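Structural overview
Listed below are the residues making up each chain.
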Amino acid sequence: MEIKENVPKMNNDRFLGICIVIAAVLINGVLSAQVFEKLEEQVLLPNGIVIPVTWGDMGKQLVEAGVIDQEKFGDMSVKEQNGKLVINKDNEHTILNLLWAFGLANKNEILEKGPMMDQRYGGAGGFASTGGWTLAAGDAMDHYSMHQLITLTPEQQELVEKTSKNIFRPCCKNSTYFPDCNHGMAMLGILELLASQDKSEKELYATAEAVNKIWFPPQQTSCTT
């Protein structure tokens, strides 16, 4: 007796169509990875990492607002390339602190409505990124999300929120959306600056990846500077 399998046969046209779809998905995935790697290469240079935003007089604004006490902070000079920040091993701590101050002070809904304000933690003032900021004129919380250093459009804010939820740091395993340490607050500042310059989602991720590589080399998992 001949046993017939009850399996519908697929005609050649349909089979070809499915193959084309699968191939397109695979190719798109490869191209997306290549694009991401290319973007990351653009910010990873031999002399450091370029943060593709115009820093301008931001340091001066932070001092004038009292977010940074110049006497406590000390030398604020940083390396720039065509007006853009360059992070390298010689200045990474200085720029980390500048970006920390910026992320802490710039008015943003992530700080005002995000997990930093969860009452389970007793308020926003008890974290390393807030209580640990001792370089301000007065108390750090006097400046928490208090200064409109840059203004984001609704679309730019949405991009910062989306990417911040997907960018983590190895020290405390939290996302940038919960910037409870200095690196998290500084990364939030980076995302805000990039978004304000109309950088793409891929550029935000690529820059964050490059910066994390210099902040957290393989042998370091601590937030301490």
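Scroll up a little and you will see the structure.
Note that the structure is a prediction, hence the values are computed from the model and not measured.

Focus: the pairing of strand 2 (residues 48-54)
Counting buried positions over the 7 residues of strand 2 gives 6, a clear majority of the element. Alignment of strand 2 against strand 4 (residues 84-87), held across 4 bridges, turns out to be antiparallel. The residue bridging Val 50 from the neighbouring strand is Val 86, located in strand 4.

Points about the pairing of strand 4
Each regular strand carries side chains that alternate between the two faces of the sheet. Where strand 3 (residues 80-81) lies against strand 4, 2 bridges are found, and the strand directions are antiparallel. Note that in strand 4 the partner of Glu 80 across the bridge is Leu 85. In textbook terms, the turn of a hairpin is the stretch between consecutive antiparallel strands, and for strand 3 and strand 4 this stretch comprises 2 residues, one of which, Asn 82, has a positive phi near 55°.

Some thoughts on the packing of helix 7 (residues 182-196) against helix 8 (residues 201-215)
How two helices pack is summed up by the angle between their axes together with the distance between the axes. Running from N to C, helix 7 and helix 8 cross one another at 150°; their axes reach a closest spacing of 10 Å. Classified by the angle between their axes, helix 7 and helix 8 sit roughly antiparallel to one another. Our pair here, helix 7 against helix 8, has a crossing hand that is right-handed. Contacts between helix 7 and helix 8 involve His 183, Ala 186, Met 187, Ile 190, Leu 191, Leu 194 and Ala 195 from the first element and Glu 203, Leu 204, Thr 207, Ala 208, Val 211, Asn 212 and Trp 215 from the second.

Here we look at the packing of aromatic side chains
All told, the structure shown has 4 aromatic pairs when counted by the stated rule. Between the aromatic rings of Phe 127 and Phe 178, the centroid separation amounts to 5.5 Å while the plane-to-plane angle is 90°, which identifies the pairing as edge-to-face. Here Phe 178 lies in the loop between helix 6 (154-164) and helix 7 and Phe 127 lies in the loop between helix 5 (109-113) and helix 6, a separation of 51 residues in the sequence. Taken together through their ring pairs, the aromatic side chains of Tyr 121, Phe 127 and Phe 178 make up a single cluster. The side chain of Lys 165 reaches across the aromatic face of Tyr 177, ending 4.7 Å from its centre.

Rules of the game
Residues numbered from 1 in each chain as written. Predicted model: local features only at pLDDT ≥ 70, side-chain atom pairs only at ≥ 80, totals over all residues. Heavy atoms only, no water. Buried < 20%, exposed > 50% of the residue type's maximum accessible area, 1.4 Å probe, protein only. Helix = DSSP H or I, 4+ residues; strand = E, 2+ residues; numbered from the N terminus. Pairing = 2+ DSSP bridges. Axes fitted to C-alpha atoms, helices over the stretch in contact; angles between N-to-C directions. Parallel < 35°, antiparallel > 145°, perpendicular 65-115°, else oblique. Left-handed = near helix turned anticlockwise from the far one by under 90°. Contact = heavy atoms within 4.5 Å. Phe/Tyr/Trp six-rings, centres within 6.5 Å; stacked < 30°, edge-to-face > 60°. Lys NZ or Arg CZ within 6 Å of the ring centre and 35° of its normal.

Just geometry here; none of it tells us what the structure is for.
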